[in-house]
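# Topology and contacts: notes
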Amino acid sequence: RRATCNIRSSTKFSSIWRKHAIAISNLILGQNPQITTERFRMNFTALSNASLAIHIHLAAVALAIILTIAIVYLRKGTSLHKLCGRIWVAGMALTALSSFWISTGGSFFGFSFIHLISVYVLVQLFRAIRAAKLGRIIEHKYAMLSIVWGGLVVAGFLSFLPGRIMFRIFFA
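First things first, this report covers the structure right here in the doc. (Residues numbered from 1 in each chain as written. Predicted model: local features only at pLDDT ≥ 70, side-chain atom pairs only at ≥ 80, totals over all residues. Heavy atoms only, no water.)

## Some details on the overall build of the chain
Counting its secondary structure elements, the chain contains 8 helices and 0 strands. When the helices and strands of the chain are placed in sequence order, the string is α-α-α-α-α-α-α-α. Sequence separation of 24 or more characterises 54% of the internal contacts of the chain that already satisfy a separation of 6 or more. With an accessible surface of roughly 11500 Å², the chain has 69% of that area assigned to carbon and sulfur atoms. (Helix = DSSP H or I, 4+ residues; strand = E, 2+ residues; numbered from the N terminus. Contact = heavy atoms within 4.5 Å. Areas by Shrake-Rupley, 256 points an atom, 1.4 Å probe, with all protein chains shown as cover.)

Written as structure tokens, this is what we have:
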């Protein structure tokens, strides 16, 4: 008998999470991939209708996430670490800058709280680069960590809130 995931819920939002949890558990357990694809469907129409700024933003974020994982495992201070770091900084700068062309209908001239995160990321990128050039490695480390947590984790979480494109892609 195969193990299955049995999560019960009463709300629609929770049922979406339940479907995704079942799909992921089926994939991990090696169960029928057809069942997995039926339960977990991504809706790319929201992305196909999105502006060029959103496509650039998502590509830069994807690059930054992949390089973040790589940089964590690289030995610090090596030429490969520095090369990946430079590409990562460019990706994060592009991510932050492209966000200013993404209008969310916010309360201040079309900008919202998430745009403050973009300003924060740009300031921290400057501080991190300056610290690395001056040999202040601890300051560099904490500036980079704050960018990862603020610019990738917090902003990434906010991008999955209902009504946003990432929510529509993964949960609609």
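## Considerations on the environment of Thr95
Looking at where Thr95 falls in the secondary structure, it is placed in helix α5 (residues 79-99). The class of Thr95 is buried, set by a relative accessible area of 7%. When neighbours within four sequence positions are excluded, Thr95 is seen to be in contact with His57, Ala60 and Val61. (Buried < 20%, exposed > 50% of the residue type's maximum accessible area, 1.4 Å probe, protein only.)

## Let's talk about the packing of aromatic side chains
The tally for this structure, following the rule as stated, stands at 1 aromatic pair. Seen in terms of ring centroids, Phe160 and Phe170 are 5.4 Å apart; in terms of plane orientation they differ by 55°. Their pairing is tilted. Here Phe170 lies in helix α8 (residues 165-171) and Phe160 lies in the loop between α7 (137-159) and α8, a separation of 10 residues in the sequence. With relative accessibility at 32%, the residue Phe160 sits in the partly exposed group. (Phe/Tyr/Trp six-rings, centres within 6.5 Å; stacked < 30°, edge-to-face > 60°.)

## Description of the nonpolar core
Ranked by internal contacts, the top residues of the largest apolar core, which has 21 residues, are Trp88, Met92, Ile117, Val121, Leu125, Met144 and Ile147. In terms of residue count, α7 provides more of this core than any other element does, 7 residues in total. The residues touching Met92, leaving out its near neighbours within four places in the chain, are Ala64, Val121, Leu125, Ile147, Gly151 and Leu152. Counting 9 residues, the second largest nonpolar core, distinct from the first, contains Ala50, Ile102, Met166 and Ile169. (Core = buried A, V, L, I, M, F, W, Y, C linked by side-chain atoms within 4.5 Å.)

## Concerning the pattern of salt bridges
Enumeration according to the criterion identifies 3 salt bridges in this entry. Arg130 is paired through a salt bridge with Glu139; the nearest N and O atoms lie 3.7 Å apart. For Arg130, a relative accessible area of 35% corresponds to the partly exposed category. The closest approach of N and O atoms between Glu139 and Arg136, which form a salt bridge, is 3.1 Å. A residue is classified by how much of its surface remains accessible, and Arg136, at 39% relative accessible area, is partly exposed. (Salt bridge = Lys/Arg side-chain N within 4 Å of Asp/Glu carboxyl O.)

## As for the environment of Ser146
With respect to the helices and strands, the residue Ser146 is situated in helix α7. Since its relative accessible area comes to 17%, Ser146 is described here as buried. Apart from the residues within four sequence positions on either side, Ser146 is in contact with Tyr120, Gln124 and Gly151. In terms of polar contacts, Ser146 uses its side chain to reach the side chain of Tyr120, at 3.2 Å. Of the polar contacts made by the side chain of Ser146, one reaches the side chain of Gln124; its length is 2.7 Å. (Polar contact = N/O pair within 3.5 Å; in protein donor to acceptor, adjacent residues only side chain to side chain.)

## Quick word on helix α4 (residues 52-73)
Taking 1.5 Å of rise per residue, 22 residues should cover 32 Å, and α4 covers 32 Å from first to last C-alpha, within 8% of that figure. Buried residues of α4: Ala53, Ile54, His57, Ala60, Val61, Ala64, Leu67, Thr68 and Ile71, and no others. The buried residues of α4 all sit within an arc of 160° when viewed along its axis, so they share a single face. Of the exposed residues in α4, those oriented more than 90 degrees away from the buried face are Leu52, Ile66 and Tyr73. (Expected span 1.5 Å × (residues − 1). Arc of directions from axis to C-beta.)

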